[in-house]
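Here are the chains, one letter per residue:
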Amino acid sequence: MFDLDGVLTDTAEYHYQAWKQIADEHGLFFDRSANEQLKGVSRRRSLEIILEANQAGQRFNEQEKEQIIGIKNKIYQNLLKNITVRDILPGIEGFLREARTRGLLLAVASASRNADTVLTRLGIKPVFDYIADAGKIARTKPDPEVFLDCCRNLGVQPQSCIGFEDSQAGIEAIRSAQMRSVGIHVNVTSLAPDLPYQGTEELDVQQVLAYFEE
Ligand code: B16
Ligand code: MG
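Residues numbered from 1 in each chain as written. Chains lettered and ligands numbered in written order. Predicted model: local features only at pLDDT ≥ 70, side-chain atom pairs only at ≥ 80, totals over all residues.

## Overview of helix α7 (residues 145-154)
1) Next: Listed in full, the buried residues belonging to α7 are Val146, Phe147, Leu148, Asp149, Cys150 and Cys151.
2) Next: Tucked inside the fold, the buried residues of α7 contact β1 (107-108), β2 (130-131), β3 (162-165) and α8 (168-176).
3) Next: The first or second residue beyond α7 is Gly155, which carries a positive phi of 70°. (Buried ≥ 20, exposed ≤ 12 C-beta atoms within 10 Å, placed from the backbone. Helix = DSSP H or I, 4+ residues; strand = E, 2+ residues; numbered from the N terminus. Contact = placed C-beta atoms within 7 Å.)

## Remarks on helix α3 (residues 43-53)
Since the α-helix advances by 3.6 residues per turn, residues separated by three or four positions end up pointing in the same direction.
1) Next: For α3, the complete set of buried residues consists of Arg43, Ser46, Leu47 and Ile50. Viewed along the axis of α3, the buried residues span an arc of 95°, placing them on a single side of the element. More than 90 degrees from the buried face of α3, the exposed residues found are Arg44 and Glu52.
2) Next: In this fold, the buried residues of α3 make contact with α1 (12-25) and α4 (62-80).
3) Next: A positive phi of about 45° marks Gln55, the residue just after α3. (Arc of directions from axis to C-beta.)

## Looking at the nonpolar core
Grouped burial of nonpolar side chains is what soluble globular proteins tend to show.
1) Next: Ranked by size, the top nonpolar core spans 38 residues in total, and within it Ala109 and Phe147 carry the most contacts.
2) Next: Among the elements of the structure, α5 (92-101), β1, α6 (115-122), α7, α8 and β4 (180-184) are those that each provide at least two residues to this core.
3) Next: Excluding residues that lie within four positions of it along the chain, Ala109 makes contacts with Met1, Phe2, Asp3, Ala132, Val146, Phe147, Cys150 and Gly163. (Core = buried A, V, L, I, M, F, W, Y, C linked by C-beta atoms within 7 Å.)

## Here we look at the pairing of β4
1) Next: By the criterion of burial, β4 is predominantly enclosed, with four of the five residues buried.
2) Next: Both β3 and β4 contribute to a ladder of four bridges, which runs parallel. The partner of Ile162 across the bridge, within β4, is Arg180.
3) Next: When β4 meets strand β5 (residues 195-197), the two strands line up parallel, connected through three bridges. Looking at the pairing, Gly183 lines up with Pro196 of β5. (Pairing = 2+ DSSP bridges.)

Take a look at the structure:
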């Protein structure tokens, strides 16, 4: 099961640009290091994290927060128009092909409600047996719900699944789901992935399967 942003492609930079524009407009501090905290978490939680870091939690009412989230998403969706097949991260196409050849089931477990658009633009949507719909997932990472939703829909036990993640929230979600985790350049703050890699170009199907072989 694959996370999208940071594993299959790198849309974190577009999320950053969109949030940066919002933060600048409202006089809030936000930089690339703060953006790390937003990886894998919902857009609602992302806004809360930015506001908390600025001690500005009380500055906006519910309606204003919803409005800000909507504007951020419009900016982000506009940036997504730049995505093409060239934005698939290095090594991913070969890795997915090899995994399919071996008959492994593949799913996307992303917190992004834009996942379908991104996968379509990347041209890799047909490779997956199941793509979770973030709009139907009530609790976002680090809650395991999105990974368990993938297991249910693929008809497999979590214990037999491997999750690929770039975020701390995602690694925690995989652990809570009782799956095994592969980390892609995870900025570890609490829980380390079972099998850590520095980048997607290092991924190797044989190596990953051998590592988790009982
Ligand atoms: P959207 P992932 C996550 O995707 C991003 O890492 C996170 O930064 C973003 O806030 C979240 O999707 C929601 O995205 O605003 O497009 O619904 O890493 O779980 O694939
Ligand atoms: Mg991610």
